[in-house]
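An overview of the molecular structure
Each chain is listed here by its residues.
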Amino acid sequence: MSVASVAPSAAPRLNLATFAAIGITVVGWASAFPAIRAGLTAFGPLELGAVRFAIAAIPAAIFLLIARPSLPSPGEAWRFATGGIVFVALYTVLLNIGEQTVSAGAASFIINVSPILTAIFATIFLSERFPLLAWGGTFLSFFGVGLIALGEGDGLSIDTGALLILGGAVCTTVNTIVQKPLFSRHKPLTVAAWNMVVGGLILSPGLPSAFAQASAAPTDALLSAIYLGIIPSFVAYGAWAVTLSRLPASRASNYLYCVPPVATLIGFLWLGEVPGLIGIIGGLLALGGVVVVNLKR
C-alpha cells in the first residue's frame, strides 16, 4: 500500500484543545495497563477485548446515527476498515495475550517502539519532516521507557508474549499512517467512532463466552472491564483521533512516550506499586525526550 501521493500535514495546531486531547489520550491509555491486568484475572484475552469494545461501540454507533457523517468514498473504505480490524481488534487481542506473561513496564517499553516506527514511515509515506533534534528526543524517551521496564524488577525477555506485544506496536504504526489522510475530509470523532464500531463487530464472537465468564467474575474484574470500555476505549480513542488530526503523525505519536511514566504513577496511586530509582529516572528521561522533540515548535 502506498500513500506517497498524500500531501504533507498542515501546520501543527497547538492550542488548549490539542493539549487536552493529548492529556486525555495519555492518561486514558496509561490507565489501561492496570485495568487490563485486573480484567485478565476473570476474562480471557479475546473475551476481555470483546466486552471492552462492545461497551465502546454502543455509544460510538449512537454518535454516528445522530451525527450522520458523510460515508467513506470507495477509495477510503479500506482505511476505515484498517482502523477497526488492525487498530482495535488485532491490537487489543495481541496486547491482552501478551500481558498474560509480560509485565506492565516491559509491555509499555515494547509498545513504545511504535513512535519510532511511525516517525520513519511518516517520513517515507506522508512526506513529514522529523529534524535531527526530534530524533534525539525520540531515542531519549525510548531509553527512558526502557529504564522503566528494567526498573520493574522482571526485566526484559523475548518470548511469545513480547513478540505479540511488538505486533501490537506495529498495528498502531500501520493504523496511524493509513488513517492520517482521512482527517483532511472526515472529522476525527467520526473516524474514531467507525474504528470502535468495526472493531467491536470483529471482536463480537467472543461475547458469548465473555458473558459466561462475567457471571463468575469478581467485582473488581467486572469494573475493570467496564472502565476499559469507557475511558481507555471510547474516550481515549476519540481523543487520539483529535490529536492525530491536529499534529503530524510522527509528532503526535511521540507524545505516547508520556504513557509509561503516567502508567507508573497510576500504578502507585491505584495498586500501591512503588517505582524504584531506576524507574523514576526512566520516567524523567521519557518526559524529557518529549520536551526535546517539541523544542522550537
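Here the structure is a predicted model, which is why all the values come from computation and not from measurement.

How each quantity is defined
- Residues numbered from 1 in each chain as written.
- Predicted model: local features only at pLDDT ≥ 70, side-chain atom pairs only at ≥ 80, totals over all residues.
- Heavy atoms only, no water.
- Helix = DSSP H or I, 4+ residues; strand = E, 2+ residues; numbered from the N terminus.
- Buried < 20%, exposed > 50% of the residue type's maximum accessible area, 1.4 Å probe, protein only.
- Contact = heavy atoms within 4.5 Å.
- Lys, Arg positive; Asp, Glu negative; His and termini not counted.
- Salt bridge = Lys/Arg side-chain N within 4 Å of Asp/Glu carboxyl O.
- Expected span 1.5 Å × (residues − 1).
- Bend = angle between axes of the 7 residues up to and from the residue.
- Polar contact = N/O pair within 3.5 Å; in protein donor to acceptor, adjacent residues only side chain to side chain.
- Phe/Tyr/Trp six-rings, centres within 6.5 Å; stacked < 30°, edge-to-face > 60°.
- Patch = residues over 30% accessible without salt bridge, like charges linked within 9 Å, V, L, I, M, F, W, Y side chains within 5 Å.
- Areas by Shrake-Rupley, 256 points an atom, 1.4 Å probe, with all protein chains shown as cover.
- pLDDT = per-residue confidence, 0-100.
- Axes fitted to C-alpha atoms, helices over the stretch in contact; angles between N-to-C directions.
- Parallel < 35°, antiparallel > 145°, perpendicular 65-115°, else oblique.
- Left-handed = near helix turned anticlockwise from the far one by under 90°.
- Nonpolar A, V, L, I, M, F, W, Y, C, P; charged D, E, K, R; others polar.

A tally of regular secondary structure across the protein chain gives 13 helices and zero strands. Each helix and strand of the protein chain, ordered N terminal to C terminal, gives the series α-α-α-α-α-α-α-α-α-α-α-α-α. Looking at the protein chain as a whole, 52% of its 297 residues are labelled buried. Counting contacts in the protein chain only where the partners sit at least 6 residues apart, residues at least 24 apart contribute 91% of the total.

This brings us to the side chain of Glu 47. Position of Glu 47 among the secondary structure elements: in helix 2 (residues 45-67). Comment: no salt bridge for buried Glu 47; closest opposite-charge side chain is Arg 52, at 13 Å. Not counting residues within four places of it along the chain, the set of residues in contact with Glu 47 comprises Gly 206, Ser 209, Ala 210 and Gln 213.

With that out of the way, let us pick up helix 1 (residues 16-39). Count 3.6 residues to each turn of an α-helix, and residues three or four apart come out pointing the same way. Taking 1.5 Å as the rise per residue, helix 1 with 24 residues should run 34 Å; its terminal C-alpha atoms sit 33 Å apart, in good agreement. Bending of helix 1 peaks at approximately 30° at the position of Phe 33, with proline Pro 34 no more than four residues after it. Sitting at the amino-terminal end of helix 1 is Asn 15, which places a side-chain oxygen 3.2 Å from the backbone nitrogen of Ala 17.

Glancing now at the packing of aromatic side chains. On inspection of all chains with the given rule, the structure shows seven aromatic pairs. Ring centres of Trp 29 and Trp 240 lie 5.7 Å apart, and the angle between their planes is 45°; this geometry places the pair in the tilted category. Taken together, the residues span a long stretch of sequence, with Trp 29 in helix 1 and Trp 240 in helix 10 (residues 219-246) at a distance of 211 residues. Like Trp 29, the residue Trp 240 is buried in the burial classification. Ring centres of Phe 121 and Phe 125 lie 5.9 Å apart, and the angle between their planes is 15°; this geometry places the pair in the stacked category.

Further remarks concern a nonpolar patch on the surface. On the surface, a cluster of nonpolar side chains totalling about 470 Å² of accessible area is made up of Ile 24, Leu 223, Ile 226, Ile 230, Phe 234 and Val 235. Residue placement: Ile 226 occurs in helix 10. When its relative accessible area of 40% is taken as the criterion, Ile 226 is described as partly exposed.

On to the pattern of salt bridges, then. A complete count under the given rule lists one salt bridge for this structure. In this structure, the salt-bridge partner of Arg 185 is Glu 76, at a minimum N-O distance of 2.8 Å. In this pair, Arg 185 sits in the loop between helix 7 (160-179) and helix 8 (188-203) while Glu 76 sits in the loop between helix 2 and helix 3 (77-98), placing the two residues 109 residues apart along the sequence.

Position of Ser 224 relative to the elements: it lies in helix 10. A residue is classified by how much of its surface remains accessible, and Ser 224, at 5% relative accessible area, is buried. It is 6.3 Å that separates the C-alpha atoms of Ser 224 and Ala 38, two residues lying 186 residues apart in sequence. Excluding residues that lie within four positions of it along the chain, Ser 224 makes contacts with Ala 35, Ala 38 and Gly 39.

Turning our eyes to something else, we now look at the confidence of the model for the protein chain. Within the protein chain, residue pLDDT values average 84, and 83% of them lie at 70 or more. Contacts of residues 1-11 to residues separated by more than four positions or lying in other chains number 18 contacts, the stretch itself having pLDDT below 50.

Let's shift gears to the packing of helix 8 against helix 10. Relative orientation of the contacting elements helix 8 and helix 10 amounts to 135°, with a least axis distance of 8 Å. Between helix 8 and helix 10, the crossing angle belongs to the class labelled oblique. Note on packing geometry: the crossing formed by helix 8 with helix 10 is right-handed. Between helix 8, through Pro 188, Leu 189, Ala 192 and Met 196, and helix 10, the contact on the second element is made entirely by Ser 233, Phe 234, Tyr 237, Gly 238, Ala 241, Val 242 and Ser 245. Grouping the amino acids of the contact of helix 8 with helix 10 by side-chain chemistry returns eight nonpolar, three polar and no charged.

With that settled, consider the environment of Ile 58. Turning to its location among the elements, Ile 58 is positioned in helix 2. Taking relative accessible area as the criterion, Ile 58 reaches 54% and is therefore assigned exposed. A sequence separation of 139 residues divides Ile 58 from Val 197, and the C-alpha atoms of the two residues are 7.6 Å apart.

Along the chain, Gly 137 falls in helix 6 (residues 132-151). Gly 137 gets classed as buried once you look at its relative accessible area, which sits at 0%.

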